[in-house]
Amino acid sequence: VLANTHLSFPNSAIDRMAQRRQAVTLARACQDFYASCSPQESAALVVAGDFNLELRDDMCRPLYETGLRAAAAGSMMEGQRYVSHRTHRGEEVG
């Protein structure tokens, strides 16, 4: 199953709170999906999209707690910062 999301960009503290709620809601949806699968079913879940988060951001914790992992994390070289894109302000995020 492929899911797609676009979390809010954290322009302010209010946006950051909204982003946390969105991450928790997404994590719950992932948990609901896993719970709906019978033990005999083998189902993979891929969640893609624009998370507007750093991979190590604490906001990712609810997602990681469901068992999801960042695909980009495996390709990061030690000591290098992963940048997936630049914001409209020119800030690098990943």
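This structure is a prediction, so every number in the text was calculated from the model and none was measured.

*Asks:* Whenever I open this one, the environment of Val 1 confuses me. Can you help?
*Replies:* Note on placement: Val 1 falls in the segment before β1 (2-6). Overall, Val 1 belongs to the exposed group, its relative accessible area being 58%. Apart from the residues within four sequence positions on either side, Val 1 is in contact with Phe 33, Ala 44, Leu 45 and Val 46.

*Asks:* I keep staring at the pairing of β1 and nothing clicks. Help me out?
*Replies:* Remember that side chains alternate between the two faces of the sheet whenever the strand is regular. Looking at chain direction, β1 and strand β2 (residues 46-50) are connected through five bridges and run parallel. When the sheet's bridge partners are listed, Thr 5 is paired in β2 with Gly 49. Each parallel crossover has a hand, and for β1 linked through helix α1 (residues 13-36) to β2 it is right-handed.

*Asks:* Please explain unusual backbone geometry as it appears in this structure.
*Replies:* For residues that are not glycine, phi is negative in most cases, and the peptide bond is trans in most cases. At Asn 52, a position not held by glycine, the phi torsion is positive, near 50 degrees. Looking at where Asn 52 falls in the secondary structure, it is placed in the loop between β2 and α2 (61-64). What makes Asn 52 buried here is its relative accessible area of 11%.

*Asks:* Whenever I open this one, the nonpolar core confuses me. Can you help?
*Replies:* Where a protein is soluble and globular, its nonpolar side chains tend to be buried together. With eight residues, the main nonpolar core is built from Leu 26, Ala 27, Cys 30, Phe 33, Leu 45, Val 47, Leu 63 and Leu 68. With four residues, the single largest contributor to this core is α1. Sequence-distant contacts of Val 47, that is, excluding residues within four places in its chain, are made with Ala 3, Thr 5, Leu 26, Cys 30 and Leu 68. Core analysis: the second largest hydrophobic core is formed by five residues, Leu 7, Ala 23, Met 59 and Cys 60 among them.

*Asks:* Got a minute to help me understand the environment of His 6 in this structure?
*Replies:* Of note, His 6 is situated in strand β1. Residue class for His 6 comes out exposed when judged on its relative accessible area of 57%. Sequence separation of His 6 and Asp 50 is 44 residues, and the distance between their C-alpha atoms is 4.6 Å. Sequence-distant contacts of His 6, defined by excluding residues within four places in its chain, comprise Asp 50 and Asn 52.

Criteria and cut-off values
Residues numbered from 1 in each chain as written. Predicted model: local features only at pLDDT ≥ 70, side-chain atom pairs only at ≥ 80, totals over all residues. Heavy atoms only, no water. Helix = DSSP H or I, 4+ residues; strand = E, 2+ residues; numbered from the N terminus. Buried < 20%, exposed > 50% of the residue type's maximum accessible area, 1.4 Å probe, protein only. Contact = heavy atoms within 4.5 Å. Pairing = 2+ DSSP bridges. Right-handed = clockwise from strand over helix to strand, strands pointing away. Core = buried A, V, L, I, M, F, W, Y, C linked by side-chain atoms within 4.5 Å.

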